[in-house]
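Coordinates in review
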Amino acid sequence: MQPLSRQFKKNVAKSIADKELQKSLLTAKKCLVHNRLNAIKLVTDFELLREKGKQIKQHTLSHLDYYLEEFEKNFTAQGGQLHWAKDASEARKIIVDICKHHDAKTVVKGKSMVGEEIGINEALEEAGVEPIETDLGEYIVQLANEAPSHIIVPCVHKTRQQIIDLFSKHHKKYGCDKKLTEVSELVAEARKIMRTKFLNADVGITGANFLVAETGSTVVVTNEGNGDLCSTLPKVHIVTAGLEKIVPGLDDVSLLVRLLGRSATGQEITAYTSFFTGPKRDVDLDGPEEMHMVLIDNGRTDLLNSELNEMLRCIRCGACLNHCPVYGSIGGHAYGWVYPGPMGAVLTPAILGLEEAGDLPNACTLNGRCESVCPVKIPLPKLLRSLRVRQFKKNQGSKTSRFALKIWAQFAKHPKAYHWASNTGIYLLSLITARKGSIKFLPLARGWTSSRNFPAPQGKTFQSLWLEQKEKKCE
Ligand code: SF4
């Protein structure tokens, strides 16, 4: 996927003006936030679970070299073939070579964000292999020739009518002429078409939610069972995963799975939690004849050695997206690459560089909601601030904002001058806006006032009001 993060501001304007998108985002947000809340109420101590989840992931990251080697040893002992890929192009080459070696014509794919990150579909198409997305949401965005807009709900931006139109346009070639309206009918039609694809595919590619070092197993969590069909029906199964997916043992998976389902979709556990350990053995009735694992670095080692390393704890649940007011207003495509929302605002510049995605860490109010819902307690606001510091030190960002920050820094270092300036500013603003109750234009802050009016200040700063109240109490 070609990154479009440089066009972030343009993308945002387009998303905000898209009424259908706004409707879809609001409906999804209400549902996902509500479901998570209900699911975590059923756990006696969800905070304790979060703390344990954080510790498991942090411990693994601190000993990543050890657990990676243990995984390699156990995965290969089970008959799997492991490939290390230092970057996206190396990963693509490994996957394409395996497909070519088996003279593959079609590949069925399970949902995988790392697959999007390395651009598998484009590479397969170039090599003359047809990639077929089998997760329903991914299938819909593939029909629409779009990228996923959410890491858990890829077609969250689509309305039902848009999906009806897509099916009607693309399913005629399968003899499906009836225009469907009900969700159950749409799902049944996609399911019927997909069955033949599964049976005829030469290779299956899935991602992995977890890689278990102690057993060499791959864990795939889905609600549709498509991951299991991709892994067991074709003769060759390729797993793509980032290095950070390793966990030490099966007990750790069982804890993380409890966190993942609840945080992602508000389920106690997803419908399918499947463990794959090596290819088919002689005694097995089914399974792939070959199992390959492509372990991808693509900037993760650098991330591990940086102040942003806590980001590697991410288990891709999407909770931070669902609770983010910015994501809720602009959707995933505006971020311009694979990872949207708060986790994307850290990961995208960390992988692609601040030159490419420098606007993302600044598109945040730092309200902290993402950190408070993250199942592995990633301090996203802190990481976003670190990226802003990096940006400032590198002299990046707009000249206006850099100038404004320098002025602000001078005042912040001199509290008396700061209080005087803010008191005067607030007083003047309250005079200007007194009659109308709001202001339509603020110098240097057009971003704030272009889509909404700035409310009239009360005439005093928060600190002055707080001091007044304090003095009254002391009287
Ligand atoms: S950063 Fe946390 S909340 Fe966001 S996707 Fe990753 S694990 Fe989930």
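As a starting point, this report considers the structure included with it. These figures come from a predicted structure and were not determined experimentally.

With that out of the way, let us pick up the overall build of the chain. Secondary structure summary: the chain contains 23 helices and 12 strands in total. Expected size for 475 residues packed as a compact globule is a radius of gyration near 23 Å; at 25 Å, the chain falls within 12% of this value. Taking the principal axes of its C-alpha atoms as reference, the chain extends roughly 85 × 55 × 45 Å. Per-residue burial for the chain yields a buried fraction of 50% across its 475 residues. Summarising the internal contacts of the chain: among those between residues at least 6 apart in sequence, 73% fall at separations of at least 24.

Attention shifts here to the site of the ligand. Around the ligand, the surrounding shell holds 15 residues, and the nearest of these are Cys314, Cys317, Gly318, Cys320 and Cys374. Split by residue class, the shell around the ligand holds 13 nonpolar, one polar and one charged.

This part is about the packing of aromatic side chains. Under the counting rule described, the total for this entry stands at six aromatic pairs. For the pair Tyr66 and Tyr67, a centre-to-centre distance of 5.1 Å together with 75 degrees between the ring planes defines the contact as edge-to-face. Clustering of aromatic rings is evident, with ring pairs tying together Phe8, Tyr327 and Tyr335. Cation over ring: Arg402 sits above Phe392, and NZ or CZ is 4.6 Å from the ring centre.

For Asp103, which is not glycine, the phi torsion reads 55 degrees and is therefore positive. With respect to the helices and strands, Asp103 occurs in the loop between α5 (88-101) and β2 (106-109). Backbone geometry places Lys377, a non-glycine residue, at a positive phi of 50 degrees. The topology assignment puts Lys377 in the loop between α18 (369-373) and α19 (380-393).

This paragraph deals with a nonpolar patch on the surface. Side chains of Phe392, Phe403, Leu405, Ile407, Trp408, Phe411 and Tyr418 sit close together on the surface and give an oily, nonpolar patch of about 670 Å² of accessible area. For the nonpolar patch, the element with the most residues is helix α20 (residues 399-412), which contributes five residues. Positionally, Phe392 belongs in helix α19.

Attention now goes to the packing of helix α2 (residues 19-41) against helix α12 (residues 250-264). Viewed as axis vectors pointing N to C, α2 and α12 meet at an angle of 140 degrees, and their least axial separation amounts to 7 Å. Overall, the two elements α2 and α12 adopt an arrangement that is oblique. Residues Leu32, Arg36, Ala39 and Ile40 of α2 form the contact with α12, whose participating residues are Arg262, Ser263 and Ala264.

Across the sheet, which stays open at both edges, the four strands sit in the order β8-β5-β6-β9 with mixed pairing between neighbours. Each end of this open sheet is capped by a strand with a single partner; those strands are β8 (246-247) and β9 (272-276). Pairing analysis gives five bridges linking strand β6 (residues 217-222) to β9, with the strands arranged antiparallel. Note on β9: the bridge partner recorded for Val221 is Thr273.

Cut-off values and rules
- Here the residue numbering is sequential within each chain, running from 1 through the sequence in written order.
- Note on the predicted model: pLDDT of at least 70 is required for a residue's local features to be given, and 80 or more for side-chain atom pairs to be given and counted; whole-chain, interface and lining totals, by contrast, use all residues.
- Side-chain metrics in this entry use all non-hydrogen atoms of the structure; hydrogen atoms and water are not considered.
- Starting at the N terminus, helices and strands are each numbered in turn, a helix being any DSSP run of H or I of at least four residues and a strand any DSSP run of E of at least two.
- Restricting the calculation to C-alpha atoms gives the radius of gyration, and the globule rule supplies 2.2 Å times the number of residues raised to the power 0.38.
- Any residue under 20% of the maximum accessible area for its type is buried, any over 50% is exposed, and the rest in between are partly exposed; the area is computed with a 1.4 Å probe on protein chains only.
- Any two residues having at least one pair of non-hydrogen atoms within 4.5 Å are treated as being in contact.
- The rule for a residue being near a molecule or strand is that one of its heavy atoms must lie within 4 Å of it.
- Lys, Arg, Asp and Glu make up the charged group, whereas Ala, Val, Leu, Ile, Met, Phe, Trp, Tyr, Cys and Pro make up the nonpolar group; the residues left over, Gly among them, are polar.
- Pairs were defined over the aromatic rings of Phe, Tyr and Trp, the Trp ring being its six-membered one, requiring ring centres within 6.5 Å. Orientation was assigned from the angle between planes: stacked under 30 degrees, edge-to-face over 60, tilted for the rest.
- Only when the NZ of Lys or the CZ of Arg is both within 6 Å of the ring centre and within 35 degrees of the ring normal is a charge said to sit over the ring.
- Patches here: salt-bridge-free residues with over 30% relative accessible area, like charges joined within 9 Å, nonpolar side chains (Val, Leu, Ile, Met, Phe, Trp, Tyr) joined within 5 Å.
- For accessible areas, the Shrake-Rupley method is used with a probe of radius 1.4 Å. Any residue's cover is judged against the shown protein chains and nothing else.
- The salt bridge criterion pairs a side-chain nitrogen of Lys or Arg with a carboxyl oxygen of Asp or Glu, the two atoms within 4 Å.
- All axes are obtained by fitting lines to C-alpha atoms, using only the stretch in contact for helices, and the reported angles, taken between N-to-C directions, cover 0 to 180 degrees.
- Under this scheme an angle from 65 to 115 degrees is roughly perpendicular, one under 35 degrees roughly parallel, and one over 145 degrees roughly antiparallel; angles in between are oblique.
- Being paired, for any two strands, means DSSP has found at least two bridges between them.

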